[in-house]
Every structure is written in C-alpha cells, then in structure tokens.
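What follows is each chain in one-letter form.
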Amino acid sequence: MNVKAILLDTQSIQKYIFSGTKLKTNIGASFIVDKVFDSILVDQILQESILKPLGIHSVNSTGWEQESGVESIEEVVKSNQLPTDCYVAYIGGGNALILFKEEVAGEGNENLKRIVQEFTTTLLCTYPGLKVGAAIGIIQLDTENYSDSIKAMYQQLQQNKQRIHPVVNVPMTGHTLPCAVNGESANTIHQEAATGKGDSRYVSHEVLAKNTMAKVANEELADRFSTELGEYQFPQEFSKLGRQEGDNYLAIVHIDGNNMGERFSQCKTLAERTKLSKTVTTVTEKAFKKVVQLAAAISPETYKAEEIDVGRGTPYLPLRPIIIGGDDVTFVCHARLAVLLAQTFMKELEVLSAKNPAKLSNTTSNGGIFSCAGIAILNTSYPFFRGYELAEQICAKAKEKAREQASSWLDFIILHGEQAPTVEQIREQEYTSIKGGQLHFGPYVVSDMKDKEHALDNMLNLANALQTSIDAEELGRNKVKGLRYILQGTTHGIQEYVAQLTHCGKSLPSVEHWKDYGTYGWKEEYLETHTVAEAKKHTTPYIDAIEMMEYLPSKRFCQDFVNHQK
C-alpha cells in the first residue's frame, strides 16, 4: 500500500546547541532539539484545530511506541494500511516520519505542505535559530518496496537541504547590539541571561528560548537520572565541573556509533526501522546511566583527594551530559575523568547492545554497537564550540581506524592558546618531529582485540609508569617532561639522552606490547631513517603518555572506580 509521508530532519544540530558560550544555553538548546517534534509537531500542529480544516479527522501519535496492539507499527506494516488518517511512524535521532492516507494529502500534496508550513512557522517563532528540513513523498509499506521508497525520501530531503537555506534568526544591522552569548542580534531582554544573579541584559531571542528551557531540561535530567545520581547533582555551570585553583581544564567528549547508517539501511520494513531506532536509544541511555552510576559511586572525599572539587552542600558530579540522542552522545566532565568515563561508556555500549542481537541489524559478529570517541581537553576560557568542533574531528579520525575492523576507538587532543583550525594542521605543526616522525600515536582501540599495539591500556599503563618513575624519584619530572623535546629532535640527541640514562643505571619506563619502543622512545628503525618520507612512517607513543599524565586520575582512583563495576 502507498501512503503519503512527511519526513522532517533537524539540521546543523551541533552548531545550534554549542553556539553559546554558557553551559546553561547549551543545556537548553539540547533539550529543545530533543523535544522539538514532541512539543511542537505533535502537541501543537497535529491537532484538530489545524488538521480538521484540511480534512484530516483522526491522528495516532503514540502507536509507534507500543510493542504490540492494533495501532502498533508492527500491525500497521502487517495489515499494510494506516489505522488513522495521520500516523506518526517514528520520532528519534533528530528525525520524524509522519504518514497520511493518500485521500487526505490534497491535490499536489497541498495539505501536507500546509502542515510543514504551520510547523516551521511555529518553530521559527518559538525556537528561532533551529533549522529543520522537510521532504514530502510516498512510502510503500510492503517489504518488497519499502527500502527504495524511504531511500528516495532521504534523497529528496538531502536535495532540499542543499537547495533551501532558510533564515532562522533576526538579521543583524549596523545599529543592532550583538548578543554577548551567541553573537546574534540582541533584540530582547532576559533576566538572569548570563550570570544567574538577577542581572538583566539584552540577548537574542534564540538565547532567551534556550535559557528558558534550561530550567526544564535540568529538572527533566535530574528526574531521568535520579536513581543513578545518589547524593550528587549535575552541574549547571562549567565552573562546577571540578575546577580548582590552577587546574582550569575540562573535557568535551563526543561519542558516535559506527556504521549506524548501514544498520538502518538494512531494515526491510518500517517496523524494523522503528524498532531499531528505539533499541539504539534505549541501549545508549542505559550505557550512559551506568557511567553516571559509577561516577556517583565515588565519594566526594575521594574526588577531593584527586584534587577534583565537587563543592559543598549537595555535591556536584564532575560530569554533565549535553546530548544523549540515539547513538550520539556528548558530555563534558573534569579533564582527568574524560578517558576513564569515555572508555567505560563505550565498553558498556558494546556489552548491552550485544545482548539485543534480535533487535539490532547485524553488521558485526555479535550484533553489538561499536563506537568512536573524540576527546578535546581545553581550558574553561577556551571557546566551547571550537573545542566541540575539534572533538568531532578527532572522532571522525578514529572512525577511519574503525572501518578497518569492527571495533571501538578513542582519540584525544589537548587545546591551548592559538592553534590551527583543523586536527590535521595541529598534528602537522605541533606533533611532527624534526626528522618527520609522528609524535601522536593515537587513535587507540578500546575493544578487546588480538592486535594489542594500539590498545588504549598501553597508553594508560605507560602514563602510570612514567608517573611512578617520578614519584619514586627514578626520573625527575623535568627529565620526563623534557623527553618530549628529545623525541622531537635529532637522532644524535635521542642517543645522547639514552646514553645519559644508561650511565646513571636508568632506562625509559616501558610496558608490555610496546617493548620495541622502550629503548629510544621510537623503534630503532626510526633512528636509521634519512628522509622525511621514511621517518613519517614511524610514530612514538611516549608523547601521548607524557601529555596525558596531567589528565588521568591516580591508579588508586581507577581501582576504586573499577571495584564499583563488579
């Protein structure tokens, strides 16, 4: 059976969420994106007052969420017909698919166009700044033709995105004050817009909407994670993420599932696609709840022993989710917790998803969801959106490794001062030795694999070994820090450094699986290279370990964290 359909897609989500400089604004924006189809499309547009004049007399907006029953998506596909004039097929992952009987679509789909117009107009007035794309077409419910019809809808959506560029903010003029939060036209006044202390200032309507929703978002999030949070609360300001005097670094962690587009494209029916969407969302949230539970199981005293300030009174958890949507997760946390929390989430996602193979399209041997993470460590004064962009970029670099073999990978970057705009340029300018060797060893594999050379545990163990050498006064801190410049230099400088260590009866700390790097910090073949092209093939793991020493918790803290997992 053919049915008419409207496919909606939120666009430039990351830019919308992270365009503000305040965590409060980011929180509100993320909540708006998550709820926009429920709060506006379903609650305001798909209502009798708008649909009845168009000849659409019945709507089902909840059946797709049911596991069974005559109005469930399973039964709709089996019966090959819609139970109502309008049927919400799914909402999730920034998309919404609404189905209509052909007889109510109107000549030339005029009624559907009117619905899109009403939705986008309401959206513009309620949440300016948020872009939404739309496509109108035909969906075939039968198994044989569904895949081609939904593919055609997405192709139309992509074409519309490239062709239509809506203006969703009040344009700036030469006489308009710019908003201090997001740089748009400051055309309204908001109490507590920036400081939270009762100040009034001009802001853009976009920021006003985001800040207004931030309170609702915080209440909803606290309720959603109430069991896992225990005695803690989520911070609402960057300054509450465990910052201490002289330690003003936080981390932006962006995690994205691997090959999810391929999984969805393998769905043979609309019911399969809807079930997959719901399963991915459920599994992702369960994995993140586990991370919150483990972080909250650590006592405030233990955090303080790690020089992570959690405040007085009701303590703040040094972790705050910003996006939890489908397989896409972004959170901010204290810089020293980033690798540990990201690693925990990715492993938990693998385990939980592998337990649901019947509900997930199998593109891997165990049906589990593998993912990649990009971690940007930056000063709290560093532009947040810039940090997020780089976290996305290094996540994409990690995905290049994941394509070689189904597995989860993680990479990181430490940002400071003025740097090049892309990861490639930063690595070329700051992480290339005089000879041309690569000073960044990542990405690192999080999954258990036979090839252990790129295992994340190697880097963590090496960082701990270097710290242990400093604590035991085997190697001075300056000696370890200075190793970065030695490894970046000439072959003669490296050999001389190692000779000095040998003369003192010392050697570089090394770990299992990286024994080949233990003598010179590079494999010996690197010292024998004579051209940039030859040197470029070599990498050293020591620079990553040296840099991450400052941004990893102590072995005691990690052990305490692991004990709570058992």
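Only a predicted model underlies this, so the values are computations on that prediction, with no experimental measurement involved.

1. Remarks on the packing of helix α16 (residues 477-488) against helix α17 (residues 491-503)
(1) Moving on: The N-to-C vectors of α16 and α17 enclose an angle of 150°; their axes lie 9 Å apart at closest approach. Taken together, the axes of α16 and α17 lie roughly antiparallel to each other. Once α16 is placed against α17, the crossing between them reads as left-handed. Contacts between α16 and α17 pair Lys 479, Leu 483, Ile 486 and Leu 487 from the former with Gly 493, Ile 494, Tyr 497, Gln 500 and Leu 501 from the latter.
(2) Moving on: When grouped by side-chain class, the residues that make up the contact of α16 with α17 number six nonpolar, two polar and one charged.

2. With respect to the pairing of strand β6 (residues 188-191)
(1) Moving on: Alternating positions in β6 separate cleanly, Thr 188 and His 190 being buried on one face and Ile 189 and Gln 191 remaining unburied on the opposite face.
(2) Moving on: The sheet contact formed by β6 and strand β7 (residues 200-203) spans four bridges and is antiparallel. The residue of β7 that forms the bridge with Ile 189 is Tyr 202.

3. Focus on helix α2 (residues 23-45)
(1) Moving on: For α2, spanning 23 residues, the distance from its first C-alpha to its last is 30 Å, which sits close to the expected 33 Å at 1.5 Å a residue.
(2) Moving on: By the largest-angle criterion, Lys 35 marks the main kink of α2, which is about 65°.

4. Overview of the sheet that holds strand β11 (residues 371-379)
(1) Moving on: Spatially, the six strands line up as an open sheet ordered β9-β10-β8-β11-β12-β13, and their pairing is mixed. The outermost strands of the open sheet, each flanked by one partner alone, are β9 (319-325) and β13 (444-445).
(2) Moving on: By the bridge criterion, six bridges tie β11 to strand β12 (residues 409-414) in an arrangement that is parallel. Across the sheet, residue Ala 373 finds its bridge partner in β12, namely Leu 410.
(3) Moving on: The sheet contacts of α2 involve β9 and β10 (328-334), and relative to β9 the element is tilted by about 25°.

5. Some words on the packing of α2 against helix α5 (residues 110-126)
(1) Moving on: Two elements in contact, α2 and α5, have axes whose closest approach is 10 Å; the angle formed by their N-to-C orientations is 125°. Taken as axis vectors, α2 and α5 run oblique relative to one another. Seen from above, α2 lies across α5 with right-handed handedness. Two secondary-structure elements touch here, α2 through Val 36, Phe 37, Ile 40, Leu 41, Gln 44 and Ile 45 and α5 through Ile 115, Glu 118, Phe 119, Thr 122, Leu 123 and Thr 126.
(2) Moving on: In terms of residue class, the contact of α2 with α5 is made up of eight nonpolar, three polar and one charged.

6. As for the pairing of β12
(1) Moving on: Within β12, six of the six residues are buried, which leaves it mostly tucked inside the rest of the structure.
(2) Moving on: Viewed along the sheet, the connection from β11 through helix α13 (residues 384-402) into β12 turns out left-handed.
(3) Moving on: Pairing of β12 with β13, which is carried by two bridges, proceeds in the antiparallel orientation. Bridging from a neighbouring strand, Leu 410 pairs with Tyr 444 of β13.

7. A word on the packing of aromatic side chains
(1) Moving on: The full count for this structure, using the stated rule, is 16 aromatic pairs.
(2) Moving on: Ring plane angle 65° and centroid distance 6.2 Å describe the contact between Phe 288 and Phe 345, whose orientation is recorded as edge-to-face. With a gap of 57 residues between them, Phe 288 in helix α10 (residues 270-296) and Phe 345 in helix α12 (residues 338-354) connect regions that are remote in the sequence. Phe 345 shares its class with Phe 288; the two are buried.

8. Some words on the sheet that holds strand β2 (residues 59-60)
(1) Moving on: Strand order in this open sheet of five strands is β2-β3-β4-β1-β5, and the pairing throughout is mixed. Looking at strand neighbours, the two that pair on one side only are β2 and β5 (131-140), the edges of this open sheet.

9. A word on the environment of Gln 117
(1) Moving on: Its location among the elements puts Gln 117 in helix α5.
(2) Moving on: For Gln 117, a relative accessible area of 48% translates into the label partly exposed.
(3) Moving on: It is 50 Å that separates the C-alpha atoms of Gln 117 and His 440, two residues lying 323 residues apart in sequence.

10. Side note on the pattern of salt bridges
(1) Moving on: Applying the stated rule across the entire model yields 19 salt bridges.
(2) Moving on: The salt bridge partner of Lys 275 is Glu 74, with a shortest N-O separation of 3.2 Å. Here Glu 74 lies in helix α4 (residues 73-79) and Lys 275 lies in helix α10, a separation of 201 residues in the sequence.
(3) Moving on: The exposure class assigned to Lys 275 is partly exposed, which follows from its relative accessible area of 31%.
(4) Moving on: Residue class for Glu 74 comes out partly exposed when judged on its relative accessible area of 25%.

Analysis parameters
- Residues numbered from 1 in each chain as written.
- Predicted model: local features only at pLDDT ≥ 70, side-chain atom pairs only at ≥ 80, totals over all residues.
- Heavy atoms only, no water.
- Axes fitted to C-alpha atoms, helices over the stretch in contact; angles between N-to-C directions.
- Helix = DSSP H or I, 4+ residues; strand = E, 2+ residues; numbered from the N terminus.
- Parallel < 35°, antiparallel > 145°, perpendicular 65-115°, else oblique.
- Left-handed = near helix turned anticlockwise from the far one by under 90°.
- Contact = heavy atoms within 4.5 Å.
- Nonpolar A, V, L, I, M, F, W, Y, C, P; charged D, E, K, R; others polar.
- Buried < 20%, exposed > 50% of the residue type's maximum accessible area, 1.4 Å probe, protein only.
- Pairing = 2+ DSSP bridges.
- Expected span 1.5 Å × (residues − 1).
- Bend = angle between axes of the 7 residues up to and from the residue.
- Right-handed = clockwise from strand over helix to strand, strands pointing away.
- Phe/Tyr/Trp six-rings, centres within 6.5 Å; stacked < 30°, edge-to-face > 60°.
- Salt bridge = Lys/Arg side-chain N within 4 Å of Asp/Glu carboxyl O.

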